[in-house]
Amino acid sequence: MKTLCVVGYSGSGKTTLLCALIPLLRGYGLKVAVVKSTHHDVDWDVPGKDSYRLREAGADAVLLQGPKHWFMSRPAPTEVSLETISASLQPLPDLLLMEGNKALAVPKIEVHRPSLGRPLLAADDPCIMAVATDSVLDIPGVQLDLNTPSAIARFIRQWIKKED
């Protein structure tokens, strides 16, 4: 399994880019999984529902099984790592895309829009192998056109082939 984080500031277009990339990467025959990281406490369940009650009763994991989708709830590990994330994804995909998780030491693409007035993350993160942007930046390294997801998908595909 290859892992690639898409990082950037809020509002830069990370989710929009991932939504455009997923069908393109699947078109290359890749099995793709996505982990969306958030700093907010999230809960898809609601008090009073059976699945919520089972979790509150102390179940280590609760799987809500529906006809089209399954949802797993379990406590978050005390330390987030690629290993703890991968353990939740069985069978493993060919490519794990992660939105966020800036602190993980894994290959990354930064989504950067100069119009937001935020600094580049790539300046301080050697794991960022390319910057997807809607402008031309005066920086060393690979720049990708944020408005051309097919080119970014080709870049990712080439990176996967080079790493194999």
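Before reading further, recall that the structure is shown in the block above.
Residues numbered from 1 in each chain as written. Predicted model: local features only at pLDDT ≥ 70, side-chain atom pairs only at ≥ 80, totals over all residues. Heavy atoms only, no water.

Draft legend 1. Quick look at a nonpolar patch on the surface. Together, W44, L64 and F71 make up a nonpolar patch on the protein surface, roughly 270 Å² of accessible area in all. Summarising the element assignment, L64 is placed in strand β3 (residues 62-65). The partly exposed category is assigned to L64, whose relative accessible area is 36%. (Patch = residues over 30% accessible without salt bridge, like charges linked within 9 Å, V, L, I, M, F, W, Y side chains within 5 Å. Areas by Shrake-Rupley, 256 points an atom, 1.4 Å probe, with all protein chains shown as cover. Salt bridge = Lys/Arg side-chain N within 4 Å of Asp/Glu carboxyl O. Helix = DSSP H or I, 4+ residues; strand = E, 2+ residues; numbered from the N terminus. Buried < 20%, exposed > 50% of the residue type's maximum accessible area, 1.4 Å probe, protein only.)

Draft legend 2. Here's a closer look at the nonpolar core. L17, L25, L95, I109, I152 and I156 are the most contacted members of the largest nonpolar core, which totals 22 residues. Examining the composition of this core, we find that 6 residues originate from one element, helix α4 (residues 149-163), more than from any other. C5, V7, L89 and V131 belong to the second-largest nonpolar core, a separate cluster that totals 15 residues. (Core = buried A, V, L, I, M, F, W, Y, C linked by side-chain atoms within 4.5 Å.)

Draft legend 3. Structural detail: the pattern of salt bridges. Applying the stated criterion to the full structure yields 5 salt bridges. The residue D50 makes a salt bridge to R53 at a minimum N-O spacing of 3.5 Å. In this pair, D50 and R53 are both assigned in helix α2 (residues 50-56), 3 residues apart and thus about one turn of the helix distant. Here the two residues D50 and R53 agree in accessibility, since each one is exposed. Taking the shortest distance from any N to any O, the salt bridge between E56 and R55 comes out at 3.9 Å.

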